[in-house]
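Fold and contact review
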Protein chains: 2
Amino acid sequence: MNLKELSEKLGLSQTTVSRALNGYPEVSEETRRRVQEFARRMNYQPNSNARRLATGKSNTIGHVVPLSEHDMLNPHFTDFVAGASKVYNRRGYDMLISVVNAGTEKEVYRNLARNRRVDGVIVHGPRVKDDRVRILTDLKLPFVIHGRTNDPEDGYCWVDVNNRRAFAKATEYLIEAGHRRIALINGLEFMTFAANRREGMEKALREHGIEPDAEIMFSSDMIEPNGYGAMTDFLSHRDPPTAVLCSSILTAMGAMRAMHERGFSVGRDLSLIAYDDCLSFLPSTGDHPSMTVMRSSIRLAGELCADMLIDQIEKKPGRRNHLLEAEFVIGSSTGPVRAKATA
Amino acid sequence: MNLKELSEKLGLSQTTVSRALNGYPEVSEETRRRVQEFARRMNYQPNSNARRLATGKSNTIGHVVPLSEHDMLNPHFTDFVAGASKVYNRRGYDMLISVVNAGTEKEVYRNLARNRRVDGVIVHGPRVKDDRVRILTDLKLPFVIHGRTNDPEDGYCWVDVNNRRAFAKATEYLIEAGHRRIALINGLEFMTFAANRREGMEKALREHGIEPDAEIMFSSDMIEPNGYGAMTDFLSHRDPPTAVLCSSILTAMGAMRAMHERGFSVGRDLSLIAYDDCLSFLPSTGDHPSMTVMRSSIRLAGELCADMLIDQIEKKPGRRNHLLEAEFVIGSSTGPVRAKATA
DNA sequence: AAGGCCAGTCAAAGCGCTTTGGCTATCGTA
DNA sequence: TACGATAGCCAAAGCGCTTTGACTGGCCTT
């Protein structure tokens, strides 16, 4: 069933039927009702490809997500998507996901733009120095960055967490509990969020007269096995840490596994603070605060990004950026420093 | 830059240019070379909406994923997508993801089909009794199911794991190690895979004269907190299990957390076998076999589904279904039954 | 020399919508 | 009574591709 058939059966022109269905004011209320009711009965759905061609709008948002090594798709992405898609459903957009190998990203953006397959994109995993901003600006493709680059040049939309402050605060908390030997299990530091987290931590350390030690700082994909591996290494260091900061609950779980395996009790023998993205499939601090965390919902970030992007596409007014503050929640994974632990 | 401009500048008709670019044989090799080179120089990309309208093909695969309670997106989905998207990239398809609330699924399928937004869909989380098969068949929308329904009616494409056999085998392994009190932490049992797992387990139990006890069988979303909660409950049962089967590494991690918390040693005091989907962000048995698992890669399933669906869409010959066997890998989370553990 | 065939090209007709620019009653106003 | 405004409808022109059907000129056959 297409518009032509529908309008013929109704004894109306395509123009009128189209207008009736799309809520234009030039049709009488009675006609509109008749048309809409008939369309529903006939199960009429406009062909979206035709509509897209005619309007030049695709009503689709693109997500270009890079695969990291081992072809892994960042699990944090799941929750971000859950948030964003909620907004897409509400506002009538489709979500196009393009999983790409790290190198080919830019070409994919170019294609999406020239193709007119999407009305805008969300940029994931911004780097400290990232030319995607310039590319997208040149292409005149609306975009929102989940995170920021470190370039001073502003003018783009972003949603980010104050990572520096969160990690500085967590570090200070540990220092006040007497820790002076604090490890870091971070994300990949060519990405801004991870770089900022390290900066925040180092700043706090230095302000308390502690020189950061690269030997107890680790950076990689934020997945369980990496947390386990890093912590295992740290614990066999000649001068092991008494506390650790983890950039994700996933690495934190790995770290805790390593600690348990060595017979350490988390919160007593060793302290741990994790960054909690509120991943829905992992233990959170909701019910029983088992972990001390800095918390900010990545799903919320997804919602904010999506809304902001659509506002921009539809030229609606609205905020151009959001700097979220992570909530600091004290759980039982931290405690005062103890006599040096021995394996 | 569109086709018209391009062909004018080349002094050719749109027909010839279109054919040259799309590899039709009716153009001379020299013309083709000239056209392709010029198109590249001009950064020409055909407008995909126009192309879709003209061809009636969208070159897009739809994934309709239901949100479970708490608006959670199944984390197992991430890896499935990683696999599928690899195929989509290779074969020139886009991936459209539609996240829906559990109830509205069918309507979404109907819309996708009538809209002509996708050429086919992948059905996730099939239920024991699932009317999506009939709906999609009626709509004549090609589809592949990740899993199966339990309806005898065949004729659709699917990729599934032999869940029954995997769980029967794991159960037998535990029984042979002397366990007679075996718990189950399963997925949602209105879904076929979970129902089959339970069946496999119960069959093995009965074959060894053990009556399944519903009090140590749990069913829910396969996420860490649920594994933790279930295991905690089991351990405070008047007759606690000596072993447990988990439907996912995620619940297994939760279960292990509960065991650790009570001071139990996994593999000595209590045995655990998990179903390992090879989720890339979780510890697998690859490096050091810490967990005894039944293993089958969900990413591989994603690849198979995608290839099968595209074959179907393009009317290429190929297999219509795949029944994968899970690999049984013995790790250190299982051992002979011990004197009854006491909390 | 006439006819047939083929390679290479093109004009034009869709694909199914939206949107522009009329057109016709009808009504209020002077 | 006449005239402009307006509500309600329509025909037709795109949107940027693909594809059909037709047309050339050169070459081979008989």
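Residues numbered from 1 in each chain as written. Chains lettered and ligands numbered in written order. Predicted model: local features only at pLDDT ≥ 70, side-chain atom pairs only at ≥ 80, totals over all residues. Heavy atoms only, no water.

Helix and strand counts for chain A come out as 12 helices and 12 strands. Relative to the globule expectation of 20 Å for 343 residues, the C-alpha radius of gyration of chain A, 25 Å, shows a markedly less compact shape. With the C-alpha coordinates aligned to their principal axes, the bounding extent of chain A is approximately 90 × 40 × 35 Å. In chain A, buried positions account for 56% of the 343 residues. Considering only contacts in chain A between residues 6 or more positions apart, those separated by 24 or more positions represent 67%. Total accessible area on chain A stands at roughly 14600 Å², and carbon and sulfur atoms take up 49% of it. Each charge sign in chain A was given a centre, from 46 positive and 44 negative side chains, and these centres are 5 Å apart. (Helix = DSSP H or I, 4+ residues; strand = E, 2+ residues; numbered from the N terminus. Rg over C-alpha atoms; globule rule 2.2 N^0.38 Å. Buried < 20%, exposed > 50% of the residue type's maximum accessible area, 1.4 Å probe, protein only. Contact = heavy atoms within 4.5 Å. Areas by Shrake-Rupley, 256 points an atom, 1.4 Å probe, with all protein chains shown as cover. Lys, Arg positive; Asp, Glu negative; His and termini not counted. Charge placed at Lys NZ, Arg CZ, Asp CG, Glu CD.)

Residues and elements named next belong to chain B. Look at helix H8 (residues 163-176) against helix H9 (residues 192-207): their axes get within 7 Å of each other, and the N-to-C directions meet at 35°. Along this stretch, H8 crosses H9, giving a crossing that reads as right-handed. Packed against H8, whose contacting residues are Asn163, Arg164, Phe167, Ala168, Thr171, Glu172 and Ile175, the element H9 presents Phe193, Asn196, Arg197, Glu199, Gly200, Met201, Ala204, Leu205 and Glu207 at the interface. The residue makeup of the contact of H8 with H9, split by class, is 7 nonpolar, 4 polar and 5 charged. (Axes fitted to C-alpha atoms, helices over the stretch in contact; angles between N-to-C directions. Left-handed = near helix turned anticlockwise from the far one by under 90°. Nonpolar A, V, L, I, M, F, W, Y, C, P; charged D, E, K, R; others polar.)

So, about the protein's contact with DNA strand C. Neighbouring DNA strand C are 27 residues; A:Leu3, A:Ser18, A:Arg19, A:Tyr24 and B:Thr15 lie closest to it. The sugar and phosphate moieties of DNA strand C supply 59% of its atoms located within 4 Å of the protein. The separation between a phosphate oxygen of DNA strand C and a polar side-chain atom of A:Asn22 is 3.0 Å. In the model, a phosphate oxygen of DNA strand C is placed 3.1 Å from a nitrogen or oxygen of the B:Thr31 side chain. Residue assignment for the surface near DNA strand C shows that the elements contributing at least two residues are helix H2 (14-21) and helix H4 (48-55) of chain A together with helix H2 (14-21) and helix H4 (48-55) of chain B. Of the residues in the surface near DNA strand C, the class split is 10 nonpolar, 13 polar and 4 charged. (Near = heavy atom within 4 Å. Polar contact = N/O pair within 3.5 Å; in protein donor to acceptor, adjacent residues only side chain to side chain.)

As a general point, the strands of a sheet are linked pairwise by backbone hydrogen bonds and lie either parallel or antiparallel. All names here are of chain B. Spatial strand order, E7-E6-E8-E9-E10-E12: 6 strands in an open sheet with mixed pairing. Strand pairing shows two members of the sheet lacking a second neighbour, strand E7 (217-219) and strand E12 (327-329), which therefore form its edges. The mean angle between the axes of side-by-side strands here comes to 15°, regardless of whether they run parallel or antiparallel. The sheet contact formed by strand E10 (residues 292-295) and E12 spans 3 bridges and is antiparallel. Bridge pairing in E12 links Val293 to Val329. Helix H10 (residues 224-235) rests against strand E6 (182-186), E7 and strand E8 (243-246) of the sheet, and its axis sits at about 155° to E6. (Pairing = 2+ DSSP bridges.)

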